[in-house]
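Remarks on the overall topology
What follows is each chain in one-letter form.
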Amino acid sequence: ATSDPVYLTIGNDFTDHAANITLNGKSIAMTDSFRSDIILNVTPEKVNQWQTLRFRFKKKVSFDDVALYQLDKSLLTADLTTLRQNTMTDVKRGSNWLQGHVTTTADRSSIFLSVPNDPGWHVKVDGRAVRTHTVFGLLMGLRTTPGRHHIAMYYLPPYLGVGLLVSALSLLLSYLYLRHQPKH
């Protein structure tokens, strides 16, 4: 028996009121996830209590992205204690950027950032671009060599440049079309 939390993840097929989900007869509120998976807390109120999840569908949905997870709190606490040993200092941040210093050791050369590992993030360690990896299935991590490092990162939405280029070309073509229209 454990009191560790239990989570149900469901894919974005379940949004737009495609399904009603109840837990032990109580409706679970779901908001639109904007194409992202939804994480629902389905932890029993009491240890060893049976849980009944009921799905009522309004349209066809895919169960490909449905999973049930139990969080091992003791393992998580140990992992977070380890991760906190390399805390970022001298932190400065803006709306789409973050920078600071981290000191790593030979046995703790990985850095964990509590930022989603989204493709729009660009990270530099000591002025050099580095690749990130996903930690805990969502957050950003990176590897370094032992020592003190300057971490700088900024977020640029993916395809922003392509979108700006398409918009500029559309404006230019519209201008040229309107300029060369015969006058009546």
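In short, a report on the structure.

About the thresholds
- Residues numbered from 1 in each chain as written.
- Predicted model: local features only at pLDDT ≥ 70, side-chain atom pairs only at ≥ 80, totals over all residues.
- Heavy atoms only, no water.
- Helix = DSSP H or I, 4+ residues; strand = E, 2+ residues; numbered from the N terminus.
- Rg over C-alpha atoms; globule rule 2.2 N^0.38 Å.
- Buried < 20%, exposed > 50% of the residue type's maximum accessible area, 1.4 Å probe, protein only.
- Pairing = 2+ DSSP bridges.
- Axes fitted to C-alpha atoms, helices over the stretch in contact; angles between N-to-C directions.

Glancing now at the overall build of the protein chain. A tally of regular secondary structure across the protein chain gives two helices and 14 strands. Computed over its C-alpha atoms, the radius of gyration of the protein chain comes to 24 Å, more than 25% above the 16 Å expected for a compact globule of 184 residues. Judged by the C-alpha coordinates and their principal axes, the protein chain covers about 80 × 55 × 25 Å. Out of the 184 residues in the protein chain, the part that is buried amounts to 22%.

To continue, consider the sheet that holds strand S13 (residues 139–143). Strand pairing in a sheet relies on backbone hydrogen bonds, with the paired strands running either antiparallel or parallel. Taken together, the three strands give an open sheet; going across it, the order is S9-S13-S12, and neighbouring strands pair in antiparallel fashion. Strand pairing shows two members of the sheet lacking a second neighbour, strand S9 (110–116) and strand S12 (133–135), which therefore form its edges. On average, each strand axis in the sheet is tilted by 40° relative to the strand beside it, whichever way the strands run. Relative to S13, S9 runs antiparallel, the two sharing five bridges. Considered in S13, the bridge of serine 110 is made with arginine 143.

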